[in-house]
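So you can see what is in the structure, the chains are spelled out below.
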Amino acid sequence: MKKLLTMLTVTGMLLLGGLRAFADDAQEALKFFNSYVTAANSYSSTITSMYSPNAKIIRQVIKPDGTLVNVDTNTATYIKQMKLGQAGAKLRNYKNTYTNVTVASVGNGAYKVSSLRQPSGETYKLKTYMVVKKVNGKWQIVEEMMQTKVQTFLKYAK
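Worth saying up front: this structure is predicted, and the values here are computed from it rather than measured.

A separate point is the packing of aromatic side chains. The description of an aromatic ring pair rests on the distance of the ring centres and on the angle between the ring planes. Scanning all chains against the criterion turns up four aromatic pairs. Between the aromatic rings of Tyr51 and Tyr78, the centroid separation amounts to 5.5 Å while the plane-to-plane angle is 65 degrees, which identifies the pairing as edge-to-face. Taken together, the positions of Tyr51 in strand E1 (residues 51–62) and Tyr78 in helix H2 (residues 75–92) put the pair 27 residues apart, joining distant regions of the chain. For the pair Tyr51 and Tyr78, a shared accessibility class is recorded, and that class is buried. Ring pairs connect the aromatic residues Tyr36, Tyr51 and Tyr78, which therefore count as one cluster. The lysine or arginine in question, Lys112, covers the ring of Tyr129, its NZ or CZ lying 4.3 Å from the ring centre. Residue placement shows Lys149 over the ring face of Tyr124; its charged tip is 4.0 Å from the ring centre.

Here we take up the nonpolar core. Core analysis: the largest hydrophobic core is formed by 22 residues, its most contacted members being Tyr36, Ile47, Met50, Tyr51, Met130, Val132 and Ile141. Taken together, the elements giving at least two residues each to this core come down to helix H1 (2–41), E1, H2, strand E4 (110–119), strand E5 (126–135) and strand E6 (138–148). Here the element with the most residues in this core is H1; it accounts for seven residues. Apart from residues lying up to four places away in sequence, Tyr51 is in contact with Tyr36, Ile57, Thr75, Tyr78, Met82, Gln140, Ile141 and Glu144. Listed in part, the five residues of the second largest apolar core include Ile58, Tyr129, Val131 and Met145.

Within this structure, the stated rule accounts for two salt bridges. Salt-bridge contacts for Glu28 lead to Lys134; the nearest nitrogen and oxygen are separated by 3.1 Å. Separated by 106 residues along the polypeptide, Glu28 in helix H1 and Lys134 in strand E5 bring together distant segments of the chain. Its relative accessible area of 32% is what places Glu28 among the partly exposed residues. In this structure, the salt-bridge partner of Glu144 is Arg59, at a minimum N-O distance of 2.7 Å.

So, how was this worked out
Residues numbered from 1 in each chain as written. Predicted model: local features only at pLDDT ≥ 70, side-chain atom pairs only at ≥ 80, totals over all residues. Heavy atoms only, no water. Phe/Tyr/Trp six-rings, centres within 6.5 Å; stacked < 30°, edge-to-face > 60°. Helix = DSSP H or I, 4+ residues; strand = E, 2+ residues; numbered from the N terminus. Buried < 20%, exposed > 50% of the residue type's maximum accessible area, 1.4 Å probe, protein only. Lys NZ or Arg CZ within 6 Å of the ring centre and 35° of its normal. Core = buried A, V, L, I, M, F, W, Y, C linked by side-chain atoms within 4.5 Å. Contact = heavy atoms within 4.5 Å. Salt bridge = Lys/Arg side-chain N within 4 Å of Asp/Glu carboxyl O.

Don't take any of this as a statement about function, it's just geometry.
Pasting the structure below:
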C-alpha cells in the first residue's frame, strides 16, 4: 500500500509539473498573440518577423451568398501584400479588435490561438486562428487563417 501511495504521489507531481509547463507555454503563446495584435494595430514593421518563413497562410473569403473559399498563399507573398496594404490602413486608422480568444495545445509544442476579429467600422465578427510555435527560442506564426469579406482575394484562388 505504501508503495502504491508513493507511486501515485510521484505520478501526481509529474502531472502537475507537466500541466504547469503547458500553462506557462499557453500563456506565452497568448502573450505573443497580444504582441501581434499590438504590432498589427500600430502598423509596426516588426510584424513581418513574427511569421515563419514557410508559414501556411489562409484567407477564407466569405462570398456574398455565404459560401467560403480558401485562398492559400506563402509567407513572402503575404508579407508583400501586407506591406502594400499597411499604408492605406494607416491613413484610414484601420484596426482589428479580437474577442473570444482561446489557446489550445495542438501538439509538437505548437498552440492554436483562436478568436473573432472585428474590423474597425464593422459590426460583424470573423473567425480567425493562428498556430504559433517556438522556433529557435522565438515564437513564430506557422499557420494563420483569417476570414474576410474582401472579394478581391478570390482572384488568387486556385
